[in-house]
2 protein chains.
Amino acid sequence: MDHHRIPPNTHVDLSKIESRYTGETSKKEGQAQLKKFRKELIDLQELLFAENKRQLLIVLQGIDTSGKDGTIRHVFGDVNPQGTRVVNFKVPTRHDLAHDYLWRVHQHTPAKGEIVIFNRSHYEDVLVVRVHNLVPNTVWSKRYLHINEFERLLADEGAIILKFLLHISKRTQAERFLARLDRPDKNWKFNPDDLEERKHWQDYQAAFEAMLSQTSTPWAPWYVIPSDRKWYRNLAVASVIVETLKGLDMQFPTAVPDIESYRGKLEAILADDPT
Amino acid sequence: MDHHRIPPNTHVDLSKIESRYTGETSKKEGQAQLKKFRKELIDLQELLFAENKRQLLIVLQGIDTSGKDGTIRHVFGDVNPQGTRVVNFKVPTRHDLAHDYLWRVHQHTPAKGEIVIFNRSHYEDVLVVRVHNLVPNTVWSKRYLHINEFERLLADEGAIILKFLLHISKRTQAERFLARLDRPDKNWKFNPDDLEERKHWQDYQAAFEAMLSQTSTPWAPWYVIPSDRKWYRNLAVASVIVETLKGLDMQFPTAVPDIESYRGKLEAILADDPT
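First, a word on scope: everything that follows refers to the structure included in this document. These numbers were taken from a predicted model, which means no experiment stands behind them.

Aligned on chain B, chain A shows an RMSD of 0.1 Å; the corresponding rotation is 180 degrees and the shift along the axis is 0.0 Å. The transformation relating the two chain copies, once decomposed into turn and shift, fits a two-fold axis. Comparing contact sets, 100% of the residues at the interface of chain A also lie at the interface in chain B, consistent with an isologous, same-surface contact.

We now examine the packing of helix 1 (residues 27-51) of chain B against helix 11 (residues 230-246) of chain B. All names here are of chain B. Packing of helix 1 against helix 11 leaves a shortest axis separation of 9 Å and a crossing angle of 35 degrees. Relative to helix 11, the crossing made by helix 1 is left-handed. Of helix 11, the residues touching helix 1 (which contributes Lys27, Gly30, Gln31, Gln33, Leu34, Phe37, Glu40, Leu41, Leu44 and Leu48) are Trp231, Asn234, Leu235, Ala238, Ser239, Ile241, Val242, Glu243, Leu245 and Lys246. Split into classes, the residues belonging to the contact of helix 1 with helix 11 amount to 11 nonpolar, 5 polar and 4 charged.

Here the focus is helix 8 (residues 170-182) of chain A. Along its 13 residues, helix 8 of chain A runs 19 Å from first to last C-alpha, staying within 8% of the 18 Å computed at 1.5 Å per residue. In this fold, the buried residues of helix 8 of chain A make contact with helix 9 (192-198), helix 10 (201-215) and helix 11 (230-246) of chain A.

Hydrogen bonds between backbone atoms are what pair the strands of a sheet, whose relative direction is either parallel or antiparallel. All names here are of chain A. Spatially, the 5 strands line up as an open sheet ordered 2-3-1-4-5, and their pairing is parallel. Two strands in the sheet have a free side with no partner beyond their single neighbour: strand 2 (84-88) and strand 5 (222-226). Sheet twist, expressed as the mean angle between neighbouring strand axes with direction ignored, is 20 degrees. Sheet topology places strand 2 next to strand 3 (residues 115-119); 5 bridges connect them, and they run parallel. By the bridge assignment for strand 3, Thr84 is matched with Ile115. Here helix 7 (residues 143-156) sits on the sheet in contact with strand 1 (55-62) and strand 4 (159-167), set at roughly 135 degrees to strand 4. Relative to the sheet, helix 10 contacts strand 1, strand 4 and strand 5, its axis offset from that of strand 4 by approximately 150 degrees.

Each value, and the rule that gives it
- Residues numbered from 1 in each chain as written.
- Chains lettered and ligands numbered in written order.
- Predicted model: local features only at pLDDT ≥ 70, side-chain atom pairs only at ≥ 80, totals over all residues.
- Heavy atoms only, no water.
- Least-squares fit on C-alpha atoms with pLDDT ≥ 70 in both.
- Contact = heavy atoms within 4.5 Å.
- Axes fitted to C-alpha atoms, helices over the stretch in contact; angles between N-to-C directions.
- Helix = DSSP H or I, 4+ residues; strand = E, 2+ residues; numbered from the N terminus.
- Left-handed = near helix turned anticlockwise from the far one by under 90°.
- Nonpolar A, V, L, I, M, F, W, Y, C, P; charged D, E, K, R; others polar.
- Expected span 1.5 Å × (residues − 1).
- Pairing = 2+ DSSP bridges.

Set out below in structure tokens:
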């Protein structure tokens, strides 16, 4: 899956990246592979938690309907919620805005042993903020460096960081909005404001490109995931996460010395206990 | 007071900095000046709070007995505690240690309008941690860069940062420990462990020098304050803070439009109210 990874300091042109891409895999094969990855992820998360040495931070970004929620459900649906947290970054509060923009984000970074998934993230501060001029260019343009250095800190202190941009076509977005009208159980997700936001499509693509070009680093790489096909999107994200965790060569902590010597004691306790 | 400021990328040798220095000022003159600075600080803090645009972070570091607590009391004794906070960084908890070392620090950074004084700080992670090898050299040596970039973030997002190292001689420390034995109301401050820590004096001086040499930046300068004379220490710290705040050219927010038009309404309310 390494060909979805953006090398550091690369100029990215999203219009050149095929959002319908599904590689050589058929949908059926892909779904079987995802099932296998989901099982592996259960064990890998347990190992990460037990070892308690590293922390995993996953950043999910993408335009409305790109499938951030669906990716979380389909990739992490089976992992133990003890040790796995999803953090949603909504519109910042007044209290948030009284501090630097990484202040609220830093508080939610994973502890050792934890997996934390950012559903939207600090990257909003160079995306929506840039598109809508919420702060001047002189302010947001400095943030790419801040963010790289913030992520370097986390990585130097033990974090594994994986960042995914879910990449869809403009037509796919319209189809998915329409699907929200068609299905009564999805009506609640439809917001007319989203159609207003869609008018800024090109500005968002430009902001995504700047983000990818400037903040894909050796310690916190971006992956651009073709996401018009939901099954491929889930497969690609799961694959990167599973392969990365496997590469850590994690070990269960060593048992207490002479663990067998406790067997006799425990058997005696059970023998004494008539209930 | 600019001659106490360490220029960026300067090799600092603390043994060349006179800890008994008091400049041209007599103690009596210095105490009168401090009184004036304290009054000015009351007004400047109110203005910072009212303007609500910038935040002030003050970092105090120094070896045991160098006078961090005394400096806070004597410089900030008169300012409004609403809008001024002192944060003491003690030994990190297990929960703190499960995160990167700036995690707990970032939470306490000042909001807009606030003054926050760090009594010890993130610099302990390149001081006590380095002196006692609490993490390997490969880990702490990366922290100078993290800290510079963390402070750059805060500064780019509006913070004024002033950092003070309170510099005393080894003999002064011994005299001040002895004073804690002499005065019954100071006995509680005496801890025999402090004498153990004193054995690492030279290691601390080296760690201070590395810190000063590597983390005095245009956006977060270090000042080395000669602190054998308490009156001079207070005066020097107060002077830097007051001059810096004056230099911000802060303004009270503009009043509501046509504020005089409310005079009639308020007078009518009072006229109607018989009590």
